[in-house]
Amino acid sequence: LTPLALTTVLQRVANATAYPELASVYYGGGLPLAGRTGTLSSGAGRFNTNPTRCAAGRLRAKPGTLFDTIGLSGLAIGSDGRLKAFSILVNSRPQKYSPLSTRRNVDRMAATVTGCY
């Protein structure tokens, strides 16, 4: 899926009134919480650095990793209090950068959606 397709789906997930059948994905905790749970927990090395710690607990997202591709798509509460959909995709990751290093940089970009970085 493209980042545009993912954000379109996530916008529908966020609209519990129009799409109640999708509401549990976000509102029911179907996505990991940044810095707290699952594959986005600080124990997994996510959202635990100085630039990203401020976004912990403020966004839910689904990460994805293939050999040379890193992705993160989800919903974040912005500094204006509004829920925002985002999708970040890094294709053809240079092998000189580790997957963890790339994921942490993707986390930095996601933190900007919350307005905290």
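Residues numbered from 1 in each chain as written. Predicted model: local features only at pLDDT ≥ 70, side-chain atom pairs only at ≥ 80, totals over all residues. Heavy atoms only, no water.

A.B. asks: Give me the overall build of the protein: which residues, what numbers.
C.D. replies: When helices and strands are counted, the protein shows 3 helices and 3 strands. The secondary structure elements of the protein, listed N-terminal to C-terminal, are α-α-β-β-β-α. For 117 residues, the compact-globule formula gives about 13 Å, and the C-alpha radius of gyration of the protein, at 14 Å, lands near that figure. Across its three principal axes, the protein shows a C-alpha extent of roughly 45 × 30 × 25 Å. For the protein, buried positions account for 37% of its 117 residues. Surface accessibility of the protein: about 6,300 Å² in total, with carbon and sulfur atoms responsible for 56%. Taken as two groups, the 14 positive and 4 negative side-chain charges of the protein have centres that lie 8 Å from each other. (Helix = DSSP H or I, 4+ residues; strand = E, 2+ residues; numbered from the N terminus. Rg over C-alpha atoms; globule rule 2.2 N^0.38 Å. Buried < 20%, exposed > 50% of the residue type's maximum accessible area, 1.4 Å probe, protein only. Areas by Shrake-Rupley, 256 points an atom, 1.4 Å probe, with all protein chains shown as cover. Lys, Arg positive; Asp, Glu negative; His and termini not counted. Charge placed at Lys NZ, Arg CZ, Asp CG, Glu CD.)

A.B. asks: Mind laying out helix 3 (residues 99-114), listing which residues take part and the relevant values?
C.D. replies: Over its 16 residues, helix 3 extends 23 Å from the first C-alpha to the last, a length consistent with the 22 Å expected when each residue adds 1.5 Å. Of all the positions in helix 3, only Thr102, Arg103, Val106, Asp107, Ala110, Ala111 and Thr114 are classed as buried. Contacts made by the buried residues of helix 3 are with strand 1 (59-65), strand 2 (70-77) and strand 3 (83-90). (Expected span 1.5 Å × (residues − 1). Contact = heavy atoms within 4.5 Å.)

A.B. asks: Provide a residue-level description of the sheet that holds strand 2, including the pertinent values.
C.D. replies: As summarised here, the arrangement of the 3 strands in space is 1-2-3, forming an open sheet in which the pairing is antiparallel. Among the strands making up the open sheet, the edge pair consists of strand 1 and strand 3. Strand after strand, the sheet turns through a mean of 10° between neighbouring axes, direction not considered. Relative to strand 3, helix 1 (residues 3-14) is tilted by about 155°, and along the sheet it contacts strand 2 and strand 3. Its contacts with the sheet put helix 3 on strand 1, strand 2 and strand 3, and the angle it makes with strand 2 is roughly 25°. (Pairing = 2+ DSSP bridges. Axes fitted to C-alpha atoms, helices over the stretch in contact; angles between N-to-C directions.)

In short, shape yes, function no, at least from these values alone.
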